[in-house]
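One letter stands for each residue in the lines below.
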Amino acid sequence: MTPDNGDATSAEPSEGDVVTSSSAAPARATTAWTELHMHGNGLYTLSPTLYTQYNFLTSLRVSNNRLTTLPPAIRKMRSLVLLDLSNNKITKLPAELGLLVSLQSLYLHSNLLRALPVEFGNLHQLTELTMEGNMWENPFHMFRDKSVIAYLRDQRKLPPPGERPWRQARGETGAAPEGSGDGVTVLTWNILADKMATSKQYGYCPEWALAWDHRKGLILKEILKYDPDLVCLQEVEGQQFHYFFLPELRNMGYDGLYRPKARARTMPSPESMTVDGCAIFFKSSKFSLIEERVLEFSTLITTRPDVQQAPDLLNRVMPNDNIAVVAKLQHLGNPRRSLLLANVHLTWHPDMADVRLIQTAMLCDELRGLAFPTVPAGATITDNTPQLFPVLLCGDLNALPDSGAHALLQHGHINAELHPELTGRQYGNAYTAARLTQAFKLTSAHIAVADAEPAFTNHTTRFTDTLDYIFVDKSGFDTVAALGTVSPQDLEWRVGFPDQHFPSDHVPQVARLRWKIGTGRDFS
């Protein structure tokens, strides 16, 4: 990639080679080499091919050349772990370099730099940064190592995001008419527990933006912006519920209920208040609480008659203290409009897809007993079976749209070939892939309106995908609209959430629903 060299055409290096020639071949899917060394070649610039065809590189060394700058296209090299720009004549670095959040080693010594872009505050994984031998101006002359990254991180100010668009169902123009009583707006959100909002976990976020005193106001404002009738929050600590959310939302016309994860029962009071759990809020002018349930999956296991013949229930599901909170609500304007609102947060570990699927099945089994109280356990439910309560199932499933947990909710069963999570596991006769079913006619709100889940609901430097859902019972509701995701423009300079405007690593999911006629049971 020396000047006027054109695109590279030579053969791909063999496995184990380190490329030192400027005529290396572009990457292919089977590329084994990931390092490129071009030091001491007298380079004035780098070929654009580097950023388009070599963005698989993890190490790029271009020291001891005559480079004066790098182009913004450097942003495409997201896999870089090491970048050596030392001993050049670089006077300015592009802000886009701050998007390479995988960087661990960055060598900038012996150049002509006077300042660093504030976007370098994103480079939280840097363990080595060399700065000596430049022309640093104030305040950069005070730094000699990676401590400058924390300084830049805390100085950075991001623009506020735009409004997220609504995804409308076909033939719909919005929610039910105002004041008609036919509309229900539901919001679910993993708000990020205070004890988990650490610089170690979210090193790209300023410490002041991670502080609960900063985030709590943003969370409350975001909830109220959508004027939801029903709210499901996950990762709510006990002290946050009792001393912030409940009093604040009561002032805005809501009532609520909350349960922490099961471990809180074994802890003394001060410590138990820091355990996170699930909270439900509802507009007290619109709904009354008939009954509430907390479902501890680890406890439900002990009530199963086949537990001794299902070792994975004991060994894999029981150690996880995840819960679901269920509220049986009645509409105050129409006694026949009652519902079951379930708020769940499933286990997070990547190796526990089978546990998430079993937890989902257990939740559906418990909801079945509440929604069909006259139907004996194990009896077949048909289209003619009276369902007393339609279900709204919300929460952070920690499961992707192609997972077995999602398939069970969306389709009512799973295909073992597509979802092999239970293969080789021993969960008892009821929890085999062939027998795993649920009784409700559920659909994800986003699939109902747009035939697809959003691109993501969780965004960090390590992971960006969809984990959070609102599943709607089609026997009781039509889905009118679902809130779309954050725009690409607002993500361009955001390497991950949270930040000063996004108070959690998740974004809230909101759906506008319409009651179907004749729904629910009259409790008046």
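Structure: see above.
Residues numbered from 1 in each chain as written. Predicted model: local features only at pLDDT ≥ 70, side-chain atom pairs only at ≥ 80, totals over all residues. Heavy atoms only, no water.

This part covers the sheet that holds strand E15 (residues 442-444). Across the sheet, six strands lie side by side as E11-E12-E13-E14-E18-E15; this open sheet has mixed pairing. Each having just a single partner strand, strand E11 (287-296) and E15 make up the two edges of the open sheet. Put simply, the sheet's adjacent strands are angled 20° from each other on average, direction ignored. Alignment of strand E13 (residues 338-345) against strand E14 (residues 391-396), held across six bridges, turns out to be parallel. (Pairing = 2+ DSSP bridges. Helix = DSSP H or I, 4+ residues; strand = E, 2+ residues; numbered from the N terminus. Axes fitted to C-alpha atoms, helices over the stretch in contact; angles between N-to-C directions.)

Next up on the list: the sheet that holds strand E8 (residues 230-237). Strand order in this open sheet of seven strands is E6-E19-E20-E7-E8-E10-E9, and the pairing throughout is mixed. The open sheet terminates on both sides in strands that have one partner only, identified here as strand E6 (166-168) and strand E9 (254-260). The sheet shows a mean angle of 25° between the axes of neighbouring strands, direction not considered. Note: E8 against strand E10 (residues 276-283), seven bridges, orientation antiparallel. Paired with Val231 across the two strands is Phe281, which belongs to E10. Sitting on the sheet, helix H4 (residues 212-225) touches strand E7 (183-190), E8 and E9, and the angle it makes with E7 is about 155°. (Contact = heavy atoms within 4.5 Å.)

Moving on, we get to the packing of aromatic side chains. Given two aromatic rings, one states the distance between the centres and the angle between the planes to describe the pair. Taken as a whole and assessed by the stated rule, the structure comprises 16 aromatic pairs. Considering the side-chain rings of Phe143 and Tyr151, the 5.3 Å spacing of their centres and the 40° angle between planes classify their relative orientation as tilted. Look at Phe143 and you get buried, because its relative accessible area is 13%. Taken together, a centroid distance of 4.6 Å and an interplanar angle of 45° make the contact between Phe477 and Trp515 tilted. Pair noted here: Phe477 is in strand E19 (residues 477-483) and Trp515 is in strand E20 (residues 509-515), with a separation of 38 residues, a long-range link. A relative accessible area of 1% means that Phe477 is categorised as buried. Here a set of aromatic residues connected by ring pairs shows up, and it is made of Trp33, Tyr54 and Phe56. The lysine or arginine in question, Arg462, covers the ring of Tyr202, its NZ or CZ lying 6.0 Å from the ring centre. (Phe/Tyr/Trp six-rings, centres within 6.5 Å; stacked < 30°, edge-to-face > 60°. Buried < 20%, exposed > 50% of the residue type's maximum accessible area, 1.4 Å probe, protein only. Lys NZ or Arg CZ within 6 Å of the ring centre and 35° of its normal.)

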